[in-house]
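# Structural characterization, general
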Amino acid sequence: MENTKRKMTSKIPTRDCQYGDNCYRVNPAHFRDFSHPHIEKLLTKAASVSQVKIPDEVKINKSVFAEQLKIVSDLFPHLSSELTNPNPEKKPKVEHNEPSQVASTSTITPNVPKIQQKTEGTTATKKDEIQSLFAERRAKMQAAQRERPNPPVVPPTKHESNTSSAADTGISLQKAIPRDISSYFPVVAPRGRMAQKLAAAAPYNFFLTTITASKPTHNEPLSITFQELLDSSLGQLECSVQMNFMVDIGWLLAHYYFAGYENVPLLILYGDETPELQIVSKKKPNVTAVKVDIKTPFGVHHTKMGLYGYRDGSMRIVVSTANLYEDDWHNRTQGLWVSPRLPAVPEDSDTSFGESVTDFRANLLAYLNAYKIPRLQQWVTRIRKTDFSELKVCFVASVPGGHVNTPKGPLWGHPRLGHLLSQYAAPIDDTCPLVAQSSSIGSLGPSPESWVLAEIMASFRKDSTAVGIRRLPGFRMIYPSYSNVRQSHDGLLGGGCLPYVRNTHVKQEWLKDYLHQWCSRARYRNKAMPHIKTYCRWSHRGLYWFLLTSANLSKSAWGVYNKTGRFEKPLRINSYEAGILFLPRLMLDENFFPMESNKKHPQFPMPYDIPIIPYAPEDTPFFMDYLTQ
């Protein structure tokens, strides 16, 4: 039977893959449909696939290329005399670098090459190496998808039959979309109820994503799917913007398709390049995808935010921690803040009309203008004409570059957070620690005083108390241990979203004294590894403030003061980030949020259990190295 299958696929297709030697796919169906001459040529020159020497000049990651060689060899055995590699240990050895802050996928095959870590600032080629790593991980996602049974598809209309196939680009959605949304997405919420769910979540409007393997989260009032962000009860969508790092355009457009918005204008600002994003406008004219380029090799467009404009002139803002691809919405803990519906201001209103008490609108406009992308100008105009007065949260963001304070104070990074805390946070006892929680950890320096205590704590400790002699608060860090990840829904592969590597940790082993386990039994997410990022301070009295953000604990995300050079800007930031700061004085007119239910205010929905649990002496943080050994 197996030999028969091979004979059926032994004829090399006549159509060449449009991506050429840039193709990173590892789906056998793609190689059955399209020829890849650069791969076939290598196989014809070797006696077996195991003897193929991968050229140094290949444009994709070598481990992905090796997998492609294996697929083509299996499909077209006449190209070489050996169908399989009898000794997997002789696979080409590949070395690549892991950035301190990347989004990754939990779908990783066992034969992943060993990672070698380089410190920040080593070479200017690191950005290319990072992009190769992302290409590999995209390929791993597609490899997982080929294991799924093919769902029934919608028969193409006469017009659709003239378009390219889904296997061609992954973008022509209607030919590949099944009739039933439940056969496309693993968790589907009832339609028409999101507005009611959002109203019940007031005043915090803070949600976590549903977890596929944790059924209690499917019906939890404060759990949502991406599809619910497009629910018709929130408004009839007129246009939208998706700003993110990694975007699976097929997955994203499938959501718009099922919501009935497949032809609605969509602008995508993204950080990680894919061939599909490069050509999406040719296949879907209503979609515009813009790559956000960053000059520094260590910065990424890490913001995860959506702008939704409705036909009645109103709009909505969503700030989250999730990339726009399936794995991030599957078995990972993610956070989202969903704004209430923001109406258009009345005609002939004063320009200051509709601003929030936190200057949210002005801060958001400053952030959007920092991109210097013409396509955003129509949204800048729309936001200026939108009433933000209902918002009582603060917008905290980072943009790449060198920054100094403005007359209104610092605009970006950790100084911005410190500025807001000094304005609005109630006096906090110095015994109350800062609790940081993120999915990646950067190079923090050889001692706690290098950056965490000297800069992060200097900003994050602030409150409205008059400046004076005070004790430095304690610092706590929640980051999954090896034991946490091993017991996750996906086993060790659950650590695919935790790109912290051993070579970085050995340079900052002091950090282990501050590390705490991931524990979220109360929210049914103890086995859902956290890609969410949060920072907060609490005591027995309650929660003094809470920050949901895309920013991991890293200098690239939060900024670092330049202490040398007369003409350098004092604060250097490498990445785009965005977050929401919750302050009880603004939201409840109280000094703290309740962390337990009371009759006056709803409990703040913490994403993890309290008290937090420190590492045991035998514990170690989870390293990406565990997946590559």
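Residues numbered from 1 in each chain as written. Predicted model: local features only at pLDDT ≥ 70, side-chain atom pairs only at ≥ 80, totals over all residues. Heavy atoms only, no water.

## So, the pairing of strand β6 (residues 305–310)
Taking burial as the measure, the six residues of β6 include six buried ones, the bulk of the element. Both faces of β6 are covered, namely the face carrying M305, L307 and G309 and the face carrying G306, Y308 and Y310. In this structure, β6 lies alongside strand β7 (residues 315–320), joined through five bridges in antiparallel fashion. Within the sheet, the bridge partner assigned to L307 lies in β7 and is I317. Counting the residues in the hairpin turn of β6 and β7 gives four residues, including G313, whose phi is positive at 95 degrees. (Buried < 20%, exposed > 50% of the residue type's maximum accessible area, 1.4 Å probe, protein only. Helix = DSSP H or I, 4+ residues; strand = E, 2+ residues; numbered from the N terminus. Pairing = 2+ DSSP bridges.)

## Here's the deal with the environment of Q227
Mapping Q227 onto the fold places it in helix α8 (residues 226–229). Residue classification places Q227 among the buried residues on the basis of a relative accessible area of 14%. A C-alpha to C-alpha distance of 9.7 Å links Q227 and M194, two positions 33 residues apart in sequence. With residues near it in sequence (within four places) discarded, Q227 still touches I181, F185, R191, H255, F258 and A259. Among the polar contacts listed, one links the side chain of Q227 to the side chain of H255, at a separation of 2.8 Å. (Contact = heavy atoms within 4.5 Å. Polar contact = N/O pair within 3.5 Å; in protein donor to acceptor, adjacent residues only side chain to side chain.)

## Considering the packing of helix α13 (residues 413–424) against helix α14 (residues 452–460)
Where α13 contacts α14, the two axes come as close as 7 Å, and the packing angle between them is 30 degrees. Taken as axis vectors, α13 and α14 run roughly parallel relative to one another. Along the contact surface, α13 presents H414, P415, L417, G418 and L421, while α14 presents E455, I456, S459 and F460. (Axes fitted to C-alpha atoms, helices over the stretch in contact; angles between N-to-C directions. Parallel < 35°, antiparallel > 145°, perpendicular 65-115°, else oblique.)

## Side note on empty space enclosed by the protein
Counted according to the given criterion, the structure contains eight cavities of 30 Å³ or more. As a volume, the second largest cavity reaches approximately 160 Å³. Looking at the second largest cavity, it is lined by 17 residues, and the ones nearest its centre are F185, V187, T225, H255 and W329. Counting residues per element, the ones that place at least two in the lining of the second largest cavity are α8 and α9 (249–259). (1 Å grid on protein atoms, 1.4 Å probe; cavity = no way out; pocket = protein on both sides within 12 Å on 5 of 7 lines; lining within 4 Å. Points joined across faces, edges and corners; volume = space filled by probe spheres on them.)

## Some points on the sheet that holds β6
Strand order in the open sheet formed by eight strands is β2-β1-β9-β7-β6-β3-β4-β5, and the pairing between neighbours is mixed. Both outer strands of the open sheet, β2 (223–224) and β5 (287–291), are each paired with one neighbouring strand and no more. Pairing between strand β3 (residues 237–243) and β6: six bridges, direction antiparallel. Its bridge partner lying in β6, L237 is registered against Y310. Where α9 meets the sheet, it contacts β3, β4 (266–270), β5 and β6, and its direction lies at approximately 150 degrees from that of β4.

## Overview of the packing of helix α11 (residues 360–371) against helix α12 (residues 377–384)
Direction vectors running N to C along α11 and α12 enclose 170 degrees, while the axes themselves pass 10 Å from each other. Judged by the inter-axis angle, α11 sits roughly antiparallel to α12. Contacts between α11 and α12 involve R361, L364, L365, L368 and N369 on the former and, on the latter, Q377, V380, I383 and R384. Its residues assigned to classes, the contact of α11 with α12 comprises five nonpolar, two polar and two charged. (Nonpolar A, V, L, I, M, F, W, Y, C, P; charged D, E, K, R; others polar.)

## Describing the environment of N526
Note on placement: N526 falls in the loop between β14 (515–516) and β15 (529–530). Owing to a relative accessible area of 22%, N526 belongs among the partly exposed residues under this scheme. C-alpha of N526 to C-alpha of T333: the two residues are 193 residues apart in sequence and 9.2 Å apart in space. N526 has contacts with W518, C519, S520 and R521, leaving out every residue within four places of it along the chain.

## Looking at the nonpolar core
If you look at the biggest cluster of nonpolar residues, it comprises 107 residues, and the most contacted ones within it are I317, Y367, W545, W558 and F582. Beyond its immediate chain neighbours, meaning those up to four positions away, F582 contacts Y204, F206, W337, V393, W545, F546, L548, M587, F593 and F604. Counting 37 residues, the second largest nonpolar core, distinct from the first, contains I249, L253, I268 and L324. (Core = buried A, V, L, I, M, F, W, Y, C linked by side-chain atoms within 4.5 Å.)

## Here's the deal with the sheet that holds strand β13 (residues 475–478)
Ordered by their spatial adjacency, seven strands build an open sheet running β10-β20-β17-β16-β12-β13-β14, and the pairing between neighbours is mixed. Edge positions in the sheet fall to β10 (394–398) and β14, since each has one partner strand and no second. With six bridges connecting them, strand β16 (residues 534–539) and strand β17 (residues 542–549) associate as antiparallel partners. Opposite S539, over in β17, you have G542 as the bridge partner.

## Details of the packing of aromatic side chains
On inspection of all chains with the given rule, the structure shows 38 aromatic pairs. A centroid spacing of 5.2 Å and a plane angle of 90 degrees characterise the contact between Y367 and Y371, whose relative ring orientation is edge-to-face. Highlighted residues: Y367 and Y371, both in helix α11, separated by four residues, approximately one helical turn. Considered together, Y367 and Y371 belong to a single accessibility category, that of buried residues. (Phe/Tyr/Trp six-rings, centres within 6.5 Å; stacked < 30°, edge-to-face > 60°.)

## Some remarks on the side chain of T225
Inspection of the secondary structure puts T225 in the loop between β2 and α8. The class of T225 is buried, set by a relative accessible area of 7%. The residues contacting T225, other than those within four sequence positions of it, are V187, A189, T210 and W329.

## Remarks on helix α3 (residues 37–44)
If you check which residues of α3 are buried, you get I39, E40, L42 and L43. End-on, the buried residues of α3 take up no more than an arc of 160 degrees, which puts them together on one face. (Arc of directions from axis to C-beta.)

## As for the pattern of salt bridges
This model, assessed by the stated rule, comprises eleven salt bridges. Here E228 and K197 are joined by a salt bridge, their closest N and O atoms 2.9 Å apart. Here K197 lies in helix α7 (residues 194–200) and E228 lies in helix α8, a separation of 31 residues in the sequence. Under the relative-accessibility criterion, K197 is labelled buried at 18%. Here the residues in one salt-bridge network are E220, R523 and R525, joined through shared partners. (Salt bridge = Lys/Arg side-chain N within 4 Å of Asp/Glu carboxyl O.)

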